[in-house]
Amino acid sequence: MSAGPMSTGPMSAVPKGGPLVVIPVLSAAKSTPRLLTPIHGRSSLWRTLDSAVADLPDSAIVVTTDDAAIRRSVEAYGAPVTAHVRTVTGYTAAVADVAQAHGAEIVVILEPTHPFRPRGLIRRTADNLVARDHLDSVVCVRRFTANLWRRTPDGEILALTDGRDGQDAEYFQEMVGLALATRAGLIRRDRRLGDAVGFEVLEHTWALVDVRDDVSFAAAEALADTLIRMEEISE
């Protein structure tokens, strides 16, 4: 896998109609019930839908799920979001079904376990891929510096850097759930990222919060309260 150019701003406009946005939800996932629990009045699922609608208002936004409660919530949310009946368990297969039904070439995948996304993050991720035909996908990443070690299969501990003082290396951790723009042809081959991958660098650490378990959900509630207070102060 080779990393393509990084972007912190839009490179070009998404074509009229926009890419297809797919939000996959599997009823068997442990996090699914928490997707509907309100976080200061708005669930993680609806917050994800809000971000998608705000960033890509001309796109079709589809939640593919086998969960009846999730479908009812999507229907209650209304246009431009629609629900798709998920008939396969596999992640890429479920996305591929929706992409084929819509005849999409570019697909933006969002995971609703992330309730908070900076405004414009989804659009920048889509723009980044649209602007660069040589890329297979563009994924949100967290940038950090560290001295890291790894353990080999035979148990040997090896440093990933040369260990010199003040020489922390720069690394990028993929945050696929926040936003991934990819090509439908890649998804049909049961792949998400491909070989040529571009980065959309996440500048706000608060967007890393998710609702995958009870502890992280409590953190999301606390963060929502803080974000509300920050908005009130800025008004």
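Residues numbered from 1 in each chain as written. Predicted model: local features only at pLDDT ≥ 70, side-chain atom pairs only at ≥ 80, totals over all residues. Heavy atoms only, no water.

*Asks:* Looking at this model, I keep getting lost on the overall build of the protein. Mind explaining?
*Replies:* Per the secondary structure count, the protein includes six helices and 13 strands. Within the protein, buried positions represent 47% of all 235 residues. Counting only contacts in the protein whose residues sit at least 6 apart along the sequence, the fraction spanning at least 24 positions is 76%. (Helix = DSSP H or I, 4+ residues; strand = E, 2+ residues; numbered from the N terminus. Buried < 20%, exposed > 50% of the residue type's maximum accessible area, 1.4 Å probe, protein only. Contact = heavy atoms within 4.5 Å.)

*Asks:* Looking at this model, I keep getting lost on helix 2 (residues 68-77). Mind explaining?
*Replies:* Residues lying three or four places apart along an α-helix face the same way, a consequence of the helix completing one turn every 3.6 residues. Listed in full, the buried residues belonging to helix 2 are Ile70, Ser73, Val74 and Tyr77. Along the axis of helix 2, the buried residues cluster in a sector spanning 100°; they form a single face. The outward face of helix 2, more than 90 degrees from its buried face, is lined by the exposed residues Arg72, Glu75 and Ala76. At its buried positions, helix 2 is contacted by strand 2 (20-25), strand 4 (42-43), helix 1 (44-55), strand 5 (61-65) and strand 6 (81-85). The backbone nitrogen of Ala69 has a side-chain oxygen 3.0 Å away, supplied by the residue at the start of helix 2, namely Asp67. Gly78, located one to two residues past helix 2, shows a positive phi value of around 90°. (Arc of directions from axis to C-beta. Polar contact = N/O pair within 3.5 Å; in protein donor to acceptor, adjacent residues only side chain to side chain.)

*Asks:* How should I be thinking about the packing of helix 1 against helix 2 in this particular structure?
*Replies:* Packed helix pairs are characterised by how far apart their axes lie and by the angle those axes make with each other. At a closest axis distance of 11 Å, the pairing of helix 1 and helix 2 adopts a crossing angle of 45°. As the angle between them shows, helix 1 and helix 2 are arranged oblique. The handedness of the crossing between helix 1 and helix 2 is right-handed. Seen from helix 1, the contacting residues are Leu45, Trp46, Leu49, Asp50 and Val53; seen from helix 2, they are Ile70, Ser73, Val74, Ala76 and Tyr77. Per-class residue counts for the contact of helix 1 with helix 2 are eight nonpolar, one polar and one charged. (Axes fitted to C-alpha atoms, helices over the stretch in contact; angles between N-to-C directions. Parallel < 35°, antiparallel > 145°, perpendicular 65-115°, else oblique. Left-handed = near helix turned anticlockwise from the far one by under 90°. Nonpolar A, V, L, I, M, F, W, Y, C, P; charged D, E, K, R; others polar.)

*Asks:* What is the right way to look at the pairing of strand 6 in this model?
*Replies:* Side-chain direction in a regular strand flips from residue to residue, so the side chains alternate between the two faces of the sheet. By the bridge criterion, five bridges tie strand 5 to strand 6 in an arrangement that is parallel. Its bridge partner being in strand 6, Val62 is matched across the sheet by Thr82. In the classification by handedness, the crossover that spans strand 5, the intervening helix 2 and the parallel strand 6 is right-handed. (Pairing = 2+ DSSP bridges. Right-handed = clockwise from strand over helix to strand, strands pointing away.)

*Asks:* What should I look at first to understand the pattern of salt bridges in this one?
*Replies:* Side chains that differ in charge, positive against negative, can pair when their charged atoms come close. Applying the stated criterion to the full structure yields eight salt bridges. With its nearest N and O atoms 2.5 Å apart, the salt bridge here joins Arg42 to Asp50. Among the salt bridges present, the one from Arg143 reaches Glu203, with a minimum N-O distance of 3.6 Å. Note that Arg143 is positioned in strand 8 (residues 137-146) and Glu203 in the loop between strand 13 (196-202) and helix 6 (214-234), a separation of 60 residues in sequence. With a relative accessible area of 35%, Arg143 lands in the partly exposed category. (Salt bridge = Lys/Arg side-chain N within 4 Å of Asp/Glu carboxyl O.)

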